[in-house]
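Coordinates in review
The lines below spell out each chain.
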Number of protein chains: 4
Amino acid sequence: SFRVKCYRSNLDEPKPFPPLPQHPPVAELPQRVYADYSVYTRMGVLTLTPKPPQFDAKASGAFSVSREGYMLLQFAPSISTEEPIYDWNQKQVFSLSVTEMGTLISLGAMDSWEFFRKTANAKSGIEVRKVLKVEPLLDITGHSFSLSVYKKPVDKEEIEERLYLPVTRADLAVLRSIFNYIMPYLLGWNAFASTIKPEVYNQVNRTNRL
Amino acid sequence: SFRVKCYRSNLDEPKPFPPLPQHPPVAELPQRVYADYSVYTRMGVLTLTPKPPQFDAKASGAFSVSREGYMLLQFAPSISTEEPIYDWNQKQVFSLSVTEMGTLISLGAMDSWEFFRKTANAKSGIEVRKVLKVEPLLDITGHSFSLSVYKKPVDKEEIEERLYLPVTRADLAVLRSIFNYIMPYLLGWNAFASTIKPEVYNQVNRTNRL
Amino acid sequence: SFRVKCYRSNLDEPKPFPPLPQHPPVAELPQRVYADYSVYTRMGVLTLTPKPPQFDAKASGAFSVSREGYMLLQFAPSISTEEPIYDWNQKQVFSLSVTEMGTLISLGAMDSWEFFRKTANAKSGIEVRKVLKVEPLLDITGHSFSLSVYKKPVDKEEIEERLYLPVTRADLAVLRSIFNYIMPYLLGWNAFASTIKPEVYNQVNRTNRL
Amino acid sequence: SFRVKCYRSNLDEPKPFPPLPQHPPVAELPQRVYADYSVYTRMGVLTLTPKPPQFDAKASGAFSVSREGYMLLQFAPSISTEEPIYDWNQKQVFSLSVTEMGTLISLGAMDSWEFFRKTANAKSGIEVRKVLKVEPLLDITGHSFSLSVYKKPVDKEEIEERLYLPVTRADLAVLRSIFNYIMPYLLGWNAFASTIKPEVYNQVNRTNRL
């Protein structure tokens, strides 16, 4: 983001980006990067996308975290038993809070857990319940993720959609690693941590400023 | 802190990005960010806030850590059995050193630990003892954090205030993750680590400077 | 890459620090750094080199990961039983995906795993199969890494080359640590994480830009 | 280090550093920071100090790690049984390689390990052997670190100096955490990792530069 503001003095110039002709005159606005991780199984795919926290500026100029980040889980079923073709039109989503990520990380090889959601759409009146069940696979090679979505339109029967994915121990290890990595960021602790510098927290600054 | 300096040379220019009217042009002083993590339970809330280390400048211009950072624990009881309403007027605090954070991290599912503090207020003569007991919950779904604060005014009976929080295994997993993350920062190791760059530690610089 | 631009505006000034005569003024192009980790054993050496992900620029100026990074494993046998002399002419390579790194990380002390590869060279018609077997050592002091490479020229017998390395538990602990460290980078999550800053994700920016 | 070079344009000004009058005109030379971690016991103190790797500049301008960093262990005995007074004149040192740090990290609660060193001083002819033994404490509350240093002057008897420290499980957890943190830095992997940016590794740059 630094470079941006220095560039500002060039505001009258056209800044075509991209394409980047040679040496990219980097992002005008703070750079945005999208990263995720997909677990591909014969039954479907699970894509995990971290979502950033929000910060609030205080009157003092300091910032504090106003909303924790979270992990968006997107499930899509496979529509072929032969080869993995995933139907994103049937996708279902489920968001995990940082604490729920902690639940997943601390799940032992033989442990199970259920995550619940319940929402109601004020306009349509449709009630939606979601249950994400994480259970050990029978052959203990990992855990199954099964997501059930129940929709109940007003005066109608409840409809259930279900997605089932067998996730290997290896993929769970990757999840554990990237969850461990990203959790402090989703809590904004990295923003605090990045202020820990000798030139900020030393005797001289302390006497002057704290 | 750097950006500031760029801004300054451009001060006469219009700065259309971003229009932050409320708070001062960011970081005239080095940016401050407040981050914490709260464990909400039916009995009360526990808020953890990391506190930075302090550095000293040496005559050589190098810095060293003069005081380790720590983790501030703030406990507040719930004043309703129906819904979680927390009374921060009854809050109690307890600070964990990095080594004590290590104790918490390494606590097995069936392990217990007690942390002690004892201080005396020179003026009022009130002696304060604190005991933070961390024990496995009976149903093994996590650990309880119970904080007892004993205050003994001169020539009076000791008064005890007690706070009890059941903390789930999931929350302990989050604590383990963010403690692991923040401990090197509280020790200032990140400040050392951030100097490990090819342009600093290479053959050329070594012969010239070490 | 930023420093460059500052340097340029000052190009006419003397730049007494540091005097790096041999190599070009650092990072005209973005800096490249090569890092690896070698496991030395009496039977041979295993060198692990992380390979970066690739990013794609979107029309919006945002970036997304277009190809995950991976870990290149290079095996070379020892050609002496007396002292460790490694013959890199006989080297064999094997690349681990992030998920396969997860497999290695989550391997218990008594667990085994096999990784497979199969490729065919269109021109020469040579089929190459590779099997990397990771198994507990008999004395449980670590795991063996044995790599078998099968090459089958057209109309000829298959040739097998085999490399065997006993890797200690200590080295596996280092691998676990550096894999854990590097996996989020190979997935590009660090690039996302580095955008999590108060000045990017706050109320003011949100209303203006999201 | 960046700020420095921008400051360069002020080269004609005196740059008194330190003392830092208000807002430190940061390091003329790349900043140096010293960080360590001390384990205090009734028998003595163990101070751990990470030592950086060295990089080599290649003809291409890229850097590679030429020497791994390591962990310096300094032991000093307590000279009082009443209170902890440490005698640094009797200190002994022992350096752990990254692989040996892996050994310590992976040591189970009931495991032991011995680290060896042997050097000879060419001038004095004194042979020095060192053995660092790490063993579970009898009450399983941690591990003991005992360092034996054997010095053998030419034609004389070997002299043994011994230091013994009981290190708690909590301190071992801190060591595990900071070792895990610092190992990738000591191997220079952070320098590689810090180059993983969308603006470096993308389609455009790849076609132009790889």
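Conventions used here
Numbering of residues starts from 1 in every chain and runs along the sequence as written. Following the order in which they are written, the chains are lettered starting with A and the ligands numbered starting with 1. Given that this is a predicted model, residues contribute local features only at a pLDDT of at least 70 and side-chain atom pairs are listed and counted only at 80 or more, while totals for whole chains, interfaces and linings are drawn from all residues. As a rule here, side-chain values cover all heavy atoms of the structure and leave hydrogens and water aside. Using a 1.4 Å probe on the protein chains alone, a residue whose accessible area is under 20% of its type maximum counts as buried, one over 50% counts as exposed, and one in between counts as partly exposed. Numbering of helices and strands starts at the N terminus; helices are DSSP runs of H or I of at least 4 residues and strands are runs of E of at least 2. Aromatic rings from Phe, Tyr and Trp, taking only the six-membered ring of Trp, are treated as a pair when their centres fall within 6.5 Å; an angle between ring planes under 30 degrees marks them as stacked, one over 60 as edge-to-face, and anything in between as tilted. Look at NZ for Lys and CZ for Arg. If either is within 6 Å of the ring centre and within 35 degrees of the ring normal, a charge sits over the ring. Criterion for a salt bridge: a side-chain nitrogen of Lys or Arg within 4 Å of a carboxyl oxygen of Asp or Glu. Throughout, a residue-residue contact means that at least one pair of heavy atoms, one from each residue, lies within 4.5 Å. Whether two strands pair depends on DSSP finding at least two bridges between them. Note on method: axes are straight lines fitted to C-alpha atoms, helices fitted across the in-contact stretch only, with angles between N-to-C directions ranging 0 to 180 degrees. Reported orientations rely on four angle classes, namely roughly parallel under 35 degrees, roughly antiparallel over 145, roughly perpendicular from 65 to 115, and oblique for the rest. Residues are grouped as follows: Ala, Val, Leu, Ile, Met, Phe, Trp, Tyr, Cys and Pro are nonpolar; Asp, Glu, Lys and Arg are charged; all remaining types, including Gly, are polar. In predicted models, pLDDT denotes the confidence assigned by the predictor to each residue on a 0 to 100 scale.

A word on helix 2 (residues 98-105) of chain B. A large share of helix 2 of chain B lies buried, amounting to 7 of its 8 residues. Those residues of helix 2 of chain B lying buried are V98, E100, M101, G102, T103, L104 and I105 of chain B.

Let's shift gears to the packing of aromatic side chains. To describe a pair of aromatic rings, one takes the distance between the centres and the angle between the planes. Overall, the coordinates contain 12 aromatic pairs over all chains when judged by the stated rule. An angle of 35 degrees between the planes, with centres 5.2 Å apart, marks the rings of Y181 of chain A and Y185 of chain A as tilted. Of this pair, Y181 of chain A and Y185 of chain A both sit in helix 3 (residues 169-186), 4 residues apart, which is roughly one turn of the helix. Take Y185 of chain A: its relative accessible area is 15%, and that puts it in the buried class. Counting every residue linked through ring pairs, the aromatic cluster contains Y181 and Y185 of chain A, Y181 and Y185 of chain B, Y181 and Y185 of chain C together with Y181 and Y185 of chain D. The ring of Y150 of chain B has R129 of chain B lying over it, and the distance from NZ or CZ to the ring centre is 4.4 Å.

A few words now on the pattern of salt bridges. Any two side chains of opposite charge can pair, given that their charged atoms come close. This structure, assessed with the given rule, holds 20 salt bridges over all chains. Taking the shortest distance from any N to any O, the salt bridge between E160 of chain A and R162 of chain A comes out at 2.9 Å. Using a relative accessible area of 61% as the deciding quantity, one classes R162 of chain A as exposed. With its nearest N and O atoms 3.3 Å apart, the salt bridge here joins R169 of chain C to D111 of chain D. One end of the pair, R169 of chain C, is in helix 3 (residues 169-186); the other, D111 of chain D, is in the loop between helix 2 (98-105) and strand 8 (113-120), on a second chain. Overall, D111 of chain D belongs to the partly exposed group, its relative accessible area being 23%.

Attention now goes to the side chain of S64 of chain A. Within the fold, S64 of chain A resides in strand 5 (residues 63-67). Non-local contacts of S64 of chain A, meaning those with residues more than four positions away in its chain, are made with Q54, F55, D56 and K58 of chain A together with Y34 of chain B.

Once that is clear, we can look at the sheet that holds strand 1 (residues 33-34) of chain C. Through backbone hydrogen bonds, the strands of a sheet pair up, either in parallel or in antiparallel fashion. Sheet architecture is open: 3 strands sit in the order 1(C)-5(D)-4(D), paired in mixed fashion. For this open sheet the edge positions go to strand 1 of chain C together with strand 4 (54-57) of chain D, each flanked by a neighbour on one side alone. The pairing of strand 1 of chain C with strand 5 (residues 63-67) of chain D spans 2 bridges and is parallel. The residue of strand 5 of chain D that forms the bridge with Y34 of chain C is S64 of chain D.

Below, the discussion takes up the sheet that holds strand 3 (residues 44-51) of chain D. Residue and element names in this part refer to chain D. Strands sit in the order 2-3-6-7 across an open sheet of 4 strands; the sheet is antiparallel. Pairing within the sheet leaves two strands with one partner each, and these edge strands are strand 2 (37-40) and strand 7 (92-96). When strand polarity is set aside, the average angle formed by the axes of neighbouring strands in this sheet is 20 degrees. As defined by bridge partners, strand 3 adjoins strand 6 (residues 70-77) across 8 bridges and the pair is classed as antiparallel. Paired with K51 across the bridge in strand 6 is Y70. Packed onto the sheet, helix 2 meets strand 6 and strand 7 and runs at close to 95 degrees relative to strand 7.

This next bit is on the packing of helix 3 of chain C against helix 3 (residues 169-186) of chain D. The N-to-C vectors of helix 3 of chain C and helix 3 of chain D enclose an angle of 80 degrees; their axes lie 9 Å apart at closest approach. Taken together, the axes of helix 3 of chain C and helix 3 of chain D are roughly perpendicular relative to one another. Contact with helix 3 of chain C, carried on its side by V174, S177, I178 and Y181 of chain C, involves N180, M183 and P184 of chain D of helix 3 of chain D and no other residues of that element. The class makeup of the residues in the contact of helix 3 of chain C with helix 3 of chain D is 5 nonpolar, 2 polar and no charged.

With that settled, the discussion passes to the confidence of the model for chain A. Residue and element names in this part refer to chain A. When pLDDT is averaged along chain A, the result is 81; 82% of the residues meet or exceed 70. Contacts from residues 1-28, a stretch scored under 50 in pLDDT, to residues over four places away or in other chains number 48 contacts. Between residues 206-210, whose pLDDT stays under 50, and residues either more than four places distant or in other chains, the model counts 10 contacts.

Residues and elements named next belong to chain B. Alignment of strand 8 (residues 113-120) against strand 9 (residues 127-136), held across 8 bridges, turns out to be antiparallel. Bridge pairing in strand 9 places R117 opposite K130. Taken together, strand 8 and the strand that follows it, strand 9, pair antiparallel across an intervening segment of 6 residues, in which G125 is found at a positive phi of about 75 degrees.

Residue and element names in this part refer to chain B. In this structure, I140 takes a positive phi of about 55 degrees despite not being glycine. Phi is positive for D155, which is not a glycine, with a value near 60 degrees. For D155, the location among the structural elements is in the loop between strand 10 (142-152) and strand 11 (159-168). Its relative accessible area of 77% is what places D155 among the exposed residues.

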